[in-house]
Amino acid sequence: MTEKSSVEIFEENFAQIKKNIKIAAEKSGRSEKDIILLAATKTVDCETINYAINAGVKYIGENRVQEFLSKKDSLCECHRHFIGHLQTNKVKDIIEHVELIHSVDSVRLAREISKQSIKHNKTMDILLEVNIGAEESKSGFLEEELILAAEEISKLPSIRIRGLMAIPPVMESEGDNDKYFIKMKKLFIDIGSKKMDNSSIDILSMGMSDDYVAAIEAGSNLVRIGTALFGKRIYK
Ligand SMILES: *Cc1c(COP(=O)(O)O)cnc(C)c1O
């Protein structure tokens, strides 16, 4: 038996994922147009990514700076987001090439993004990453630090806070993460109601292959999907 290619897997799954997104959006009083489907493209080759873009994927997210830089010139036109852990010294490499950084997990990183944005004459849109399960192994602000950190970050020039992102703990069974999604939605509303400077809170980035339906039902409006679109990742 030959293994399916990522293009074949994409072909099989894309329509169904869009359908699931539509149903979940409607269940939460919205339409599919209100939800951004971002393809998480780490380890996926450019040919496959371009196939997906030509089939209608409009947003892609990469995790690693080096991998993103090596792919960026080969990719078709699309919205490019950075979703992985970002080291301060790498900000300068991606600042011109991405529209949104999902993974701002410290005030220090935000300061560097601000500095590089000024240098490149742009305003960088960012999300604040929340460590919603308070896991040792994950980056992100703890729930209780979030508002203070956001207030500090909102004072920085050439940055615009657009919302929040979270990667909840790995689930043991379906539904396990609903409580985290609900907490995130609450934080998202809280932070929006603060009307901070340099902020325009409209993106709640949560939900991946195994839990995007639950995330949308809880209020997510951007889901980051890798495995369900392209199959299991093969690390070379
Ligand atoms: C890899 C990745 C995803 C996608 O994960 P899947 O489970 O493969 O859908 C989403 N968000 C981030 C930040 C990732 O690194």
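One structure accompanies this document, and this report is about it. (Residues numbered from 1 in each chain as written. Predicted model: local features only at pLDDT ≥ 70, side-chain atom pairs only at ≥ 80, totals over all residues. Heavy atoms only, no water.)

To continue, consider the environment of Glu144. Tracing the chain through its elements places Glu144 in helix α6 (residues 143-153). Here Glu144 falls in the exposed class, since its relative accessible area comes to 66%. (Helix = DSSP H or I, 4+ residues; strand = E, 2+ residues; numbered from the N terminus. Buried < 20%, exposed > 50% of the residue type's maximum accessible area, 1.4 Å probe, protein only.)

All right, on to unusual backbone geometry then. As a rule of thumb, non-glycine residues mostly have phi less than zero, and peptide bonds are mostly trans rather than cis. The phi dihedral of Thr43 falls on the positive side, at around 70 degrees, and the residue is not glycine. For Thr43, the location among the structural elements is in the loop between β1 (36-40) and α2 (46-54). The backbone of Asn121 shows a phi angle near 60 degrees, a positive value even though the residue is not glycine. Counting through the fold element by element, Asn121 comes out in the loop between α5 (107-119) and β5 (124-130).

Ala40, Lys42, Asn63, Ile83, Ile167, Met208, Ser209, Arg224, Ile225, Gly226, Thr227 and Arg233 make up every residue found near the ligand. Out of a free accessible area of 390 Å², the ligand has 89% covered by protein chains. Residues belonging to the shell around the ligand are distributed by class as follows: five nonpolar, four polar and three charged. (Near = heavy atom within 4 Å. Areas by Shrake-Rupley, 256 points an atom, 1.4 Å probe, with all protein chains shown as cover. Nonpolar A, V, L, I, M, F, W, Y, C, P; charged D, E, K, R; others polar.)

This brings us to the side chain of Asn50. By secondary structure assignment, the location of Asn50 is in helix α2. Accessibility expressed as a relative area gives 13% for Asn50, which makes it buried. From its side chain, Asn50 meets the backbone nitrogen of Cys76 in a polar contact 2.7 Å long. Not counting residues up to four positions away in its chain, the partners in contact with Asn50 are Ser74, Leu75 and Cys76. (Polar contact = N/O pair within 3.5 Å; in protein donor to acceptor, adjacent residues only side chain to side chain. Contact = heavy atoms within 4.5 Å.)

Each pair of packed helices gets described by two things: the angle between the helix axes and the distance between those axes. Remark: α6 packs on helix α7 (residues 178-193), axes separated minimally by 11 Å, with the N-to-C direction vectors making an angle of 20 degrees. Taken together, the axes of α6 and α7 lie roughly parallel to each other. For the element pair α6 and α7, the recorded crossing hand is right-handed. Facing Glu143, Leu146, Ile147 and Ala150 of α6, the residues of α7 in contact are Lys183, Leu187 and Ile191. (Axes fitted to C-alpha atoms, helices over the stretch in contact; angles between N-to-C directions. Parallel < 35°, antiparallel > 145°, perpendicular 65-115°, else oblique. Left-handed = near helix turned anticlockwise from the far one by under 90°.)

Attention now moves to α7. End to end, α7 covers 23 Å across 16 residues, agreeing with the expected 22 Å (1.5 Å per residue, within 8%). Taken residue by residue, α7 has Tyr180, Phe181, Met184, Leu187, Phe188 and Ile191 as its buried positions. For α7, the buried positions fall inside an angular range of 120 degrees around the axis, keeping them on one side. Seen from the buried face of α7, the exposed residues on the opposite side, beyond 90 degrees, are Lys179, Ile182, Lys186 and Ser193. Buried positions along α7 lie against β5, α6, β6 (159-166), β7 (199-205) and α8 (212-218). (Expected span 1.5 Å × (residues − 1). Arc of directions from axis to C-beta.)

Inside soluble globular proteins, nonpolar side chains tend to come together where they are buried. Residues Ile101, Ile113, Ile126, Leu128, Ile153, Leu164 and Met184 are the most contacted members of the largest nonpolar core, which totals 40 residues. Here Ile101 is in contact with Phe82, Leu86, Ile94, Ile113, Met124, Asp125, Ile126 and Leu127, once residues within four sequence places are set aside. Among the nonpolar cores identified, the runner-up in size contains 24 residues, and Val57, Leu75, Ile216 and Ile225 belong to it. (Core = buried A, V, L, I, M, F, W, Y, C linked by side-chain atoms within 4.5 Å.)

Now for the pattern of salt bridges. For the structure on display, the rule yields 13 salt bridges. Through salt bridges with shared partners, one network takes in Asp125, Arg160, Arg162 and Asp202. (Salt bridge = Lys/Arg side-chain N within 4 Å of Asp/Glu carboxyl O.)

Before going further, it helps to spend a moment on the environment of Arg30. Take Arg30: it is sitting in the loop between α1 (6-27) and β1. Sequence-wise, Arg30 and Asn121 are 91 residues apart; in three dimensions their C-alpha atoms are separated by 36 Å. For Arg30, the residues in contact, after removing those within four places along its chain, are Ala25, Ile35, Ile216, Gly219, Ser220 and Asn221. Reaching out from Arg30, the side chain makes a polar contact with the backbone oxygen of Gly219 at a distance of 3.5 Å.

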